[in-house]
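# Residue-level structure breakdown
The primary structure of each chain is shown beneath.
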Amino acid sequence: MSVGEVTNADAALPPLRVGLLGLGTVGGGVVNVLTRNAEDIARRSGRRIDVVHASARNLGAPRICPLNGILLTTNPMDVVENPNVDVIIEVMGGMTPASMLIRRALELGKPVITANKALIAHEGNELFALAQAKGTVVAFEAAVAGGIPIIKAIREGLAGNRIEWLAGIINGTGNFILTAMRDEGRSFNDVLAEAQKLGYAEADPTFDVEGIDAAHKLSILAAIAFGMPLKFDSVYTEGISALKTEDVRYARELGYQIKHLGFARRHENGVEMRVHPTLIPERRLLANVDGVKNAVLVWGDAVGPTLYYGAGAGADPTASAVVADLVDVARTLTADPNHRVPHLAVVPDQVSDLPILSMDDIQTGYYLRLTVLDQPGVLANIARTLADFGINIEAMIQKEASDETLHLPIVLLTHPMREAIMNDAIESLQALDEVCAPIVRLRVESLVS
Ligand SMILES: NC(=O)C1=CN([C@@H]2O[C@H](COP(=O)(O)OP(=O)(O)OC[C@H]3O[C@@H](n4cnc5c(N)ncnc54)[C@H](O)[C@@H]3O)[C@@H](O)[C@H]2O)C=CC1
Ligand SMILES: N[C@@H](CC=O)C(=O)O
Ligand code: NA
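Rules used throughout
Residues numbered from 1 in each chain as written. Chains lettered and ligands numbered in written order. Predicted model: local features only at pLDDT ≥ 70, side-chain atom pairs only at ≥ 80, totals over all residues. Helix = DSSP H or I, 4+ residues; strand = E, 2+ residues; numbered from the N terminus. Buried ≥ 20, exposed ≤ 12 C-beta atoms within 10 Å, placed from the backbone. Contact = placed C-beta atoms within 7 Å. UniProt positions renumbered as here; feature names shortened; annotations may be inferred. Near = placed C-beta within 6 Å. Nonpolar A, V, L, I, M, F, W, Y, C, P; charged D, E, K, R; others polar. Domains from an automatic or database assignment. Pairing = 2+ DSSP bridges. Axes fitted to C-alpha atoms, helices over the stretch in contact; angles between N-to-C directions. Parallel < 35°, antiparallel > 145°, perpendicular 65-115°, else oblique. Left-handed = near helix turned anticlockwise from the far one by under 90°. Core = buried A, V, L, I, M, F, W, Y, C linked by C-beta atoms within 7 Å. Expected span 1.5 Å × (residues − 1). pLDDT = per-residue confidence, 0-100.

With that settled, the discussion passes to the overall build of the protein. Within the protein, the secondary structure is distributed over 15 helices and 17 strands. Here the C-alpha coordinates of the protein stretch approximately 85 × 45 × 40 Å along the principal axes. Buried positions account for 46% of the 449 residues belonging to the protein. Of the contacts made within the protein by residues no fewer than 6 positions apart, 75% connect residues no fewer than 24 positions apart.

Quick look at the structure:
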């Protein structure tokens, strides 16, 4: 028998029959990967995996994948209810009707694989409990950082560690936009349109550019890293839409890249969770993650830092994660449900609610850009105001006034300080007579390797 043949696997078990909800970027990618790699996948699963039934809104729409042998419908519930479907893959997106369809599948005892981070972030706690009660599973590797196997890495590969913190570039569209704006000088809207064409963006791209998608993903990462329930509503969220190209330029002059970063850290008194544009020293690996690539840095007490890098969006990379979940499901379908890897990395009765720290209590360095009147004493006033709050300046650049208004930009980096104190300091700086435009504030992360 040649290496590619799967005679034994075929003989051992009947094919696993998959119902696919959604035939867009990810759904199409799943069919392509399952078709292209059918033999390898069967050898790993011990059986063939066939998509037998699929739903889409418009059956006449152009597809990126072949549809031979797949029964098609516009009604996703037909797929869920089909007794000849063993496993459901939900790659439609959105809350409704995805939530109702997944719940029905779980009620029927069918394992569900989903790429829907919005749904997991909002309803994961309930969905996991339902799956548990029905002796089945919700798998969601594709929901965080696309093709990077980060859920598996944290839940299984790092299971011996106390995870202290993690930091990640976890929105491919946002990173694609920031990179193209920086390297090609293209406009925000132009690059966003390209990300949409390439299938990277969410159906509502506000989710990408306002940080909501990254917040969904961060809440999932924090839950599995710290063994706590999903708490999407507690993630402090800022996007990239307000970011100015001059700040990207000034940050580079100071030796930093600006990335949209998600950060979660466990402290003695609670957990910090935030996503926002962040200055990262350019020598760090995370600062050099460009385009649609994502990366997640996880710090475990035993292993130290580990870094996971790869495509954060796109058809085949996301399908890679969905199909990996499918192989996991195929391998464990007949296993005792209590022997499966728990949804949130700890056994269900050990999931413990942890308090979430207010942004006032977090501590980072800051980048401030002040627009000031070009007159004597302005620098001294700024330095004195910051000193009044105990804030040290680490670096500064002062530019020429760019026009006859004599307004000039002053850019500062500060040492780490509590956010509440920095807020008060910014209010005082803003009140100075010489400061003539709203102060721009960005956060600086020096913790990341
Ligand atoms: N595109 C990407 O790179 C990634 C996407 N995801 C997630 O995967 C999911 C799917 O994303 P895409 O494939 O990009 O979306 P898409 O818009 O390309 O495809 C969605 C598919 O679902 C169908 N659909 C949507 N709503 C429906 C409804 N109410 N009834 C019947 N069919 C419906 C559409 O007809 C289409 O076939 C989303 O949850 C998204 O957040 C996750 C990781 C990466
Ligand atoms: N829109 C998302 C898709 C993957 O999760 C992104 O750009 O990261
Ligand atoms: Na992933």
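Further remarks concern the UniProt feature "active site" (unreviewed entry) in the protein. In the numbering used here, UniProt assigns the "active site" (unreviewed entry) feature to Lys217. With respect to the element layout, lysine 217 can be found in helix H11 (residues 212–226).

The local shell around ligand 1 holds 27 residues, among which Gly22, Gly24, Arg57, Gly93 and Ala313 are the closest. Looking at the shell around ligand 1, its residues break down into twelve nonpolar, twelve polar and three charged. Mapping the shell around ligand 1 onto the domain boundaries places at least three of its residues in each of domain 1 (7–147 + 317–350) and domain 2 (151–311).

Overall, parallel pairing links the six strands, which are arranged S3-S2-S1-S4-S5-S6 in an open sheet. Each edge of the open sheet carries a strand with a single partner, namely strand S3 (71–73) and strand S6 (138–139). Of the strand pairs in this sheet, strand S2 (residues 49–55) and S3 are connected by three bridges, and their pairing is parallel. Following the sheet pairing, histidine 53 is matched in S3 by leucine 71. In this fold helix H13 (residues 315–332) packs onto strand S1 (16–21), S2, strand S4 (87–90), strand S5 (112–114) and S6, with an angle of close to 165° to the strand it touches most, S5.

Here the focus is the site of ligand 2. In the vicinity of ligand 2, the contacting residues are Gly146, Asn171, Gly172, Thr173, Tyr200, Ala201, Glu202, Asp208, Asp213, Gly312 and Ala313. Of the residues assigned to the shell around ligand 2, the class counts are three nonpolar, five polar and three charged.

Counting through the fold element by element, methionine 359 comes out in the loop between H13 and strand S13 (363–373). Spatially, the C-alpha atom of methionine 359 lies 8.2 Å from that of arginine 274, the residues being 85 residues apart in sequence. Residues within four places of methionine 359 in sequence aside, it is in contact with Tyr236, Arg274 and Glu419.

Running from N to C, helix H6 (residues 117–133) and H11 point in directions that differ by 50°, and their axes come no closer than 9 Å. With respect to each other, H6 and H11 are oriented oblique. For the pair H6 and H11, the crossing hand works out as left-handed. Taken together, the residues of H11 that come into contact with H6 (itself represented by Lys117, Ala118, Ile120 and Ala121) are Asp213, His216, Lys217, Ser219 and Ile220. The residue makeup of the contact of H6 with H11, split by class, is four nonpolar, two polar and three charged.

Let us now look at the nonpolar core. Core analysis: the biggest nonpolar cluster contains 140 residues, and Val30, Leu166 and Val322 have the highest contact counts within it. With eleven residues, H11 is the single largest residue contributor to this core.

What the domain assignment lists for the protein is domain 1 (7–147 + 317–350), domain 2 (151–311) and domain 3 (359–444). Each of domain 1 and domain 2 has a C-alpha centre, and these two points are 26 Å apart. Domain 1 puts 23 residues into the contact, and the matching count from domain 2 is 26 residues. Broken down by element, the side of domain 1 that touches domain 2 gets its largest block of residues, seven residues, from H6.

Turning to H11, a few remarks are in order. Between its terminal C-alpha atoms H11 stretches 21 Å, which fits the 21 Å expected from 15 residues at 1.5 Å a residue. H11 sits mainly inside the fold: 15 of its 15 residues count as buried. Looking one or two places after H11, you find glycine 227, whose phi comes out positive at around 65°.

So, about unusual backbone geometry. Note the cis peptide between threonine 96 and proline 97, where omega equals 5°. With respect to the element layout, proline 97 can be found in the loop between S4 and helix H5 (98–107). Even without being glycine, alanine 345 reaches a positive phi, approximately 75°. By the secondary structure assignment, alanine 345 is in the loop between H13 and S13.

A word on the pairing of strand S15 (residues 407–414). Bridge count for S13 against S15 is seven bridges, and the pairing is antiparallel. Looking at the pairing, leucine 373 lines up with histidine 407 of S15.

What follows is about the confidence of the model for the protein. Residues at a pLDDT of 70 or more form 97% of the protein, whose mean pLDDT is 95. Mean pLDDT values over the elements of the protein span from 52, in helix H1 (residues 7–12), up to 99, in S4. Confidence drops under a pLDDT of 50 for residues 1–5, and excluding neighbours within four residues, the segment shows two contacts in the predicted structure. Our summary of model confidence lists the complex with pTM equal to 0.96 and ipTM equal to 0.99.

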